[in-house]
Amino acid sequence: MNPATPPDPAPLTSREQAVLAAISAHEHRVDAGFANALAVGSPPGPVHRWRTLLLVLAVVVPVAVGPLVLSAAWVLAIAAVALLVVVPTSLVVWALRQGRVHPD
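Below you will find a few notes about this structure.

Thresholds, definitions, all that
- Residues numbered from 1 in each chain as written.
- Predicted model: local features only at pLDDT ≥ 70, side-chain atom pairs only at ≥ 80, totals over all residues.
- Heavy atoms only, no water.
- Helix = DSSP H or I, 4+ residues; strand = E, 2+ residues; numbered from the N terminus.
- Contact = heavy atoms within 4.5 Å.
- Axes fitted to C-alpha atoms, helices over the stretch in contact; angles between N-to-C directions.
- Parallel < 35°, antiparallel > 145°, perpendicular 65-115°, else oblique.
- Nonpolar A, V, L, I, M, F, W, Y, C, P; charged D, E, K, R; others polar.

## Quick word on the environment of Pro67
Relative to the helices and strands, Pro67 is located in helix H3 (residues 49–69). Apart from the residues within four sequence positions on either side, Pro67 is in contact with Pro62 and Val75.

## A word on the packing of helix H1 (residues 14–30) against helix H2 (residues 32–40)
Two elements in contact, H1 and H2, have axes whose closest approach is 5 Å; the angle formed by their N-to-C orientations is 130 degrees. When the interaxial angle is binned, H1 and H2 end up oblique. Between H1, through Glu27, His28 and Val30, and H2, the contact on the second element is made entirely by Ala32, Phe34, Ala35 and Asn36. When the residues that make up the contact of H1 with H2 are grouped by side-chain class, the tally is 4 nonpolar, 2 polar and 1 charged.

Given below as structure tokens:
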């Protein structure tokens, strides 16, 4: 036990233990790998860095090359579509994947 952690003043009641068991069962049903990693104390698997690199390249290359190749009107049109459609849609999809927004 960590010496900086104060001792537990009182054990959990049976109701609190039941709530924790329900939360644990729910987490195991939703994402067993994450729940097992928490139980063991190890972080989940490594993050796929190639996805992040691919996303950065997919954004940086068009932003850097686009103004050199396209006219100003096309650059403004593409920027408007990106800001009004692509970015909000990407944020909604990301939130749904994170489980913070329910599709209901």
